[in-house]
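Remarks on the overall topology
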Amino acid sequence: MSLLRLTGVTAAYGPSQALFGVNLDVAEGEAVALMGRNGMGKTTTVRVICRLLNATGGQVLFCGESVAGWSSSRMARAGIGLVPEGRRIFRNLSVRENLIAAARPGAWDEARVIDLFPRLGERAAQAGGTLSGGEQQMLAIGRALMTNPRLLVLDEATEGLAPVIRQEIWAAIRQLKADTGLAFLIIDKSVQELRSVAERTVILERGSTVWEGGFAELDEGVAQRYLGL
Ligand code: ATP
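On a predicted model such as this, the values are computed, not experimentally measured, just so you know. (Residues numbered from 1 in each chain as written. Predicted model: local features only at pLDDT ≥ 70, side-chain atom pairs only at ≥ 80, totals over all residues. Heavy atoms only, no water.)

A few points about the environment of Leu-151
- Examined against the element boundaries, Leu-151 turns out to sit in strand S7 (residues 151-155).
- What makes Leu-151 buried here is its relative accessible area of 0%.
- Separated by 125 residues in the primary sequence, Leu-151 and Val-26 have C-alpha atoms spaced 8.7 Å apart.
- Leave out the neighbours within four places in its chain, and Leu-151 touches Leu-3, Leu-4, Val-26, Phe-62, Gly-79, Ile-80, Gly-81, Leu-182, Ala-183, Phe-184 and Leu-185. (Helix = DSSP H or I, 4+ residues; strand = E, 2+ residues; numbered from the N terminus. Buried < 20%, exposed > 50% of the residue type's maximum accessible area, 1.4 Å probe, protein only. Contact = heavy atoms within 4.5 Å.)

Written out as structure tokens, the structure reads:
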């Protein structure tokens, strides 16, 4: 059974339709890359999955159950951990407070997050807003892990970061993939890094799923046609 399944999902911002038919499956423990050029609907799809935006049609199932009408906090309790675009950490709370605020019972606690990102341990008492961009991103990932999710959704987690920090974050994602049973839905611009983590990719164009398959099948033709690479 799929952990997450979207079938024919449509969504709109007021009168302006943004999703026209998104189909997407993530199995337990699987990593899927959600790709597409700018403005094609990736973040909107994430917002629908996390119940931050209502779908206007189609179906979203999590663990086989329709999430229609669920609040975003219920979605988080059900097991979706979101690392949103732009991080959205609590700037006035300390690193520790940011982590504790998200905590739910399970294998992930503050010590384990700090083990994954030792820099967060060094900065535990520092206000979130005073961290570097990379550290804030690590905190955003740590906070999502503290909810003990089954599916981690990463929306542009390495956007705008220095290459060395970007590598650190990808190393942590790869470690999570290797060491835990977590499933991932990952949006990122780096095809090379996505390929190192994800088994499959789903490509959106103008709000619709236009291609899906294994990375091995994502050849130059597909990349050129749908990703402009
Ligand atoms: P990017 O890679 O640039 O983040 P994306 O694939 O995530 O792009 P979305 O942000 O989901 O794309 O945008 C899909 C469409 O919805 C675009 O046409 C965009 O202009 C529109 N859109 C996004 N957010 C809003 C909003 N808050 N209000 C109105 N339209 C929006």
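Additional details are given in the paragraphs that follow.
Considerations on the environment of Thr-180
- Position of Thr-180 among the secondary structure elements: in the loop between helix H7 (163-179) and strand S8 (183-187).
- According to the relative accessible area criterion, Thr-180 is buried, its value standing at 19%.
- Between the alpha carbons of Thr-180 and Gly-29 there is a distance of 8.1 Å; along the sequence they are 151 residues apart.
- Not counting residues within four places of it along the chain, the set of residues in contact with Thr-180 comprises Trp-108 and Arg-112.
- A polar side-chain atom of Thr-180 sits 2.6 Å from the main-chain carbonyl oxygen of Leu-176. (Polar contact = N/O pair within 3.5 Å; in protein donor to acceptor, adjacent residues only side chain to side chain.)

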